[in-house]
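So you can see what is in the structure, the chains are spelled out below.
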Amino acid sequence: MIIPEFEYVSPQSVQEACALLVQYGDSARVLAGGSDLLVKMKDGLMKPAYLVSLKNLDSLKAIRYETGTGVIIGARATHNEVMNNRLLQEKYRSVCEAAHSMAADQIRNIGTVGGNLVNAVPSADLPPILIALDARARIVGSSGERTIALEDFFLGPGKTVLEKGEILAAIIIPDQPTTGSNYIKFGLRRAGALAVAGVASSVTVSDGTCRDVRVVLGAVAPTPMRARQAENVLRGKKISRELIDETGRIAAAESKPISDIRGSIEYRRNLVNVLTRRSLKAAIEKGHI
Amino acid sequence: MGTAIKKGKLHVVTLTVNGEEHAVLVKANTTLLDLLREEFDYTGTKKGCELGDCGACTVLMDDRPVNSCLVLAVEADGHSFTTIEGVEQGGKLDRLQEEFINQAAVQCGYCSPGMILSGKALLMRNPHPTEREVREAIGGNLCRCTGYVRIVKAILAAAEANS
Ligand SMILES: Cc1cc2nc3c(=O)[nH]c(=O)nc-3n(C[C@H](O)[C@H](O)[C@H](O)COP(=O)(O)OP(=O)(O)OC[C@H]3O[C@@H](n4cnc5c(N)ncnc54)[C@H](O)[C@@H]3O)c2cc1C
Ligand code: FES
Ligand code: FES
């Protein structure tokens, strides 16, 4: 298999990377881990003239806590770095678990958080849990920086709000009163299988009442989607088994799956129902975020 | 100027392979897999799917397994790699390799280099893994012959020998 020829550049700063992306325009692509991009280039689905590598940009790799901001995950952090990170294991273990649910060790050692998000594949495993935790995307471009809700980052399969010359710098998980969260991926095998459906949820529970809730569905719509009607069923109510069952049914009804090689519309809807219930129960009972 | 080298088309890459440092010129679209096989003759690194699915091309990058078919040679700059040829020490097979032989964990052998490197990386970071941890560590390595049972046994036996 041949990768079509391209020019490789490895800028020394984020600013330089953005400037190069502006200069090369549509003929350039950012290269992070390459686990998606190189596959597409080998398959002939993409033929960029320039690859702008993030290899030297160590500032994009750190995972740290900033008072007043929250946990900042650099876009270049790999899935294994996320999975094994102490801070994340203590504060948001569900994110580590979601990273762990992906691919296999070899891919998790090169694939990055940024690549997983910018790819904007509906079945990607990190967006649901990050959106459930109200994460923000920090975007840097040649004319400055902006931070948006990750929920608003995705426009459609392969499409994000990133404009020419912009790169995703980091994901921010703000401090929150959430009491539990969870992501369940349903794949056809335990390793190396993409999600047929995935459901993430986060809950804030006190005195048996659901004060706040987010339910986010993966692989059942053109973008990761919040099941807002389902959330409304549960928000502000005393938690009961019947209510959680109802939440699952509503989430299934509002999901927008397609039939493909991994599963049919009916099968996926049924999965959303079951996984939503399981994910909520785990988030309510588990007692970790 | 015997060979025509177009400016900007070749990149100098400095990397360590099996303990030896090398500086090589590579084209941007060369994969680490092709560099290891064609330039260094480390043909124990196998070429399977070339898409990250099978793990036959597994090598250790700074002691962590990666699919060399999905790493560009230019991106290997500054890193250290171990291929299956670098697992034996001083002409003596590593205990894990011996256990692959003892437990008959090799049939056609195509998956074995990758399996052994994934197993080796696991044992380096976790000398006493559970069977589940072993199965997970080789989750990115496909074997079409053995049914995995003997491979798992071999890695567990090598771990046993660690203690
Ligand atoms: C065998 C295999 C199994 C896989 N299994 C899974 C799985 O289970 N779950 C899953 O979700 N994914 C899976 N993937 C997909 C992929 O590995 C992940 O999405 C990974 O996180 C991509 O990250 P990367 O750094 O390798 O991206 P790259 O391939 O480097 O980049 C992907 C895209 O994002 C752009 N990009 C990357 N970083 C940035 C940035 N910081 N700013 C702007 N643009 C950027 C690139 O230009 C490119 O378009 C799998 C892939 C393979 C090959
Ligand atoms: S050849 Fe690299 S994973 Fe199959
Ligand atoms: S021994 Fe033949 S593929 Fe594993």
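Our structure's up above, just so we're on the same page.
Residues numbered from 1 in each chain as written. Chains lettered and ligands numbered in written order. Predicted model: local features only at pLDDT ≥ 70, side-chain atom pairs only at ≥ 80, totals over all residues. Heavy atoms only, no water.

**What about the overall build of chain A?**
Secondary structure assignment for chain A yields 11 helices and 14 strands. For a compact globule of 289 residues, the expected C-alpha radius of gyration is about 19 Å, and chain A comes in at 19 Å, within 12% of that figure. Projected onto its principal axes, the C-alpha coordinates of chain A cover approximately 60 × 45 × 30 Å. The buried share among the 289 residues of chain A stands at 56%. The contacts in chain A between residues at least 6 apart in sequence include a share of 61% that link residues at least 24 apart. (Helix = DSSP H or I, 4+ residues; strand = E, 2+ residues; numbered from the N terminus. Rg over C-alpha atoms; globule rule 2.2 N^0.38 Å. Buried < 20%, exposed > 50% of the residue type's maximum accessible area, 1.4 Å probe, protein only. Contact = heavy atoms within 4.5 Å.)

**Re the interface of chain B and chain A**
On the chain A side, the residues contacting the 32 residues of chain B number 28 residues. Three residues stand out in chain B for area buried against chain A, namely Asn29, Leu70 and Glu75 of chain B, and they jointly supply 24% of the buried area on that side. One can count 4 salt bridges joining chain B with chain A. Between Lys9 of chain B and Glu7 of chain A there is a salt bridge, with its nearest N and O atoms 3.8 Å apart. Across the contact surface, chain B and chain A share 13 residue pairs in polar contact (both at pLDDT 80 or more). Elements that contribute at least two residues to the side of chain B that touches chain A include exactly strand 4 (64–67), helix 3 (112–125) and helix 4 (131–137) of chain B. For the side of chain B that touches chain A, the element with the most residues is strand 4 of chain B, which contributes 4 residues. Tallied by class, residues from the side of chain B that touches chain A come to 10 nonpolar, 13 polar and 9 charged. (Buried area = accessible area lost by both parts, 1.4 Å probe. Salt bridge = Lys/Arg side-chain N within 4 Å of Asp/Glu carboxyl O. Polar contact = N/O pair within 3.5 Å; in protein donor to acceptor, adjacent residues only side chain to side chain. Nonpolar A, V, L, I, M, F, W, Y, C, P; charged D, E, K, R; others polar.)

**Description of empty space enclosed by the protein**
The final tally for this structure, using the stated rule, is 1 cavity of 30 Å³ or more. One number sums up the size of the largest cavity: a volume of about 50 Å³. Considering the residues around the largest cavity, the lining is formed by Glu5 and Phe6 of chain A together with Lys9, Lys27, Ala28 and Asn29 of chain B. (1 Å grid on protein atoms, 1.4 Å probe; cavity = no way out; pocket = protein on both sides within 12 Å on 5 of 7 lines; lining within 4 Å. Points joined across faces, edges and corners; volume = space filled by probe spheres on them.)

**Description of the sheet that holds strand 7 (residues 144–149) of chain A**
All names here are of chain A. Read from one edge of the open sheet, 5 strands run 4-5-10-6-7, paired in antiparallel fashion. In this open sheet, the two edge strands, each paired with only one partner strand, are strand 4 (63–66) and strand 7. Averaged over neighbouring strand pairs, the angle between their axes works out to 25° when direction is ignored. (Pairing = 2+ DSSP bridges. Axes fitted to C-alpha atoms, helices over the stretch in contact; angles between N-to-C directions.)

**Focus on the side chain of His11 of chain B**
Relative to the helices and strands, His11 of chain B resides in strand 1 (residues 10–17). For His11 of chain B, a relative accessible area of 15% puts it in the buried group.

**With respect to the site of ligand 1**
Looking at ligand 1, there are 33 residues lining it, with Val30, Gly34, Ser35, His79 and Thr112 of chain A nearest. The residues that come close to ligand 1 belong to more than one chain, namely chains A and B. Within the contact set of ligand 1, an oxygen atom lies 2.7 Å away from a backbone nitrogen or oxygen of Gly34 of chain A. By residue number, the principal contributor to the shell around ligand 1 is helix 7 (residues 113–118) of chain A, which donates 4 residues. (Near = heavy atom within 4 Å.)

**Thoughts on the sheet that holds strand 2 (residues 20–27) of chain B**
As a general point, the strands of a sheet are linked pairwise by backbone hydrogen bonds and lie either parallel or antiparallel. Residues and elements named next belong to chain B. Taken in spatial order, the 5 strands make up an open sheet running 2-1-5-3-4, and their pairing is mixed. The sheet is open, and its two edges are formed by strand 2 and strand 4, each paired on a single side. On average, each strand axis in the sheet is inclined to that of its neighbour by 40°, with strand direction left out of account. Relative to the sheet, helix 3 contacts strand 3 (58–61), strand 4 and strand 5 (80–82), its axis offset from that of strand 3 by approximately 30°.

**Section: the packing of aromatic side chains**
Residue and element names in this part refer to chain A. One pass over the structure, following the stated rule, counts 4 aromatic pairs over all chains. Judged by centre distance (6.3 Å) and plane angle (80°), the rings of Phe186 and Tyr267 are edge-to-face. In this pair, Phe186 is assigned in strand 11 (residues 180–187) and Tyr267 in helix 11 (residues 265–286), connecting sequence segments 81 residues apart. On the basis of relative accessibility, which here comes to 35%, the residue Tyr267 falls in the partly exposed class. Here the basic side chain of Lys91 rests over the ring of Tyr65, its NZ or CZ set 4.8 Å away from the ring centre. (Phe/Tyr/Trp six-rings, centres within 6.5 Å; stacked < 30°, edge-to-face > 60°. Lys NZ or Arg CZ within 6 Å of the ring centre and 35° of its normal.)

**Let's talk about the environment of Leu280 of chain A**
All names here are of chain A. Tracing the backbone through its elements, the reader meets Leu280 in helix 11. Between the alpha carbons of Leu280 and Ser181 there is a distance of 7.8 Å; along the sequence they are 99 residues apart. In this structure, Leu280 is in contact with Ser201, Val203, Val213, Val215, Leu234, Ile244 and Thr247, ignoring residues within four places of it in sequence.

**Remarks on the pairing of strand 3 of chain B**
Residues and elements named next belong to chain B. Across the two faces of strand 3 the burial is the same, with Thr58 and Leu60 and Val59 and Met61 all buried. Here strand 3 pairs with strand 4 via 4 bridges, running antiparallel. Bridging from a neighbouring strand, Met61 pairs with Arg64 of strand 4. Where strand 3 folds back on strand 4, the antiparallel hairpin that results is connected by 2 residues, among which Asp62 adopts a positive phi of roughly 50°. With 2 bridges joining them, strand 3 and strand 5 adopt antiparallel strand pairing. Along strand 5, the bridge assignment pairs Met61 with Phe81.

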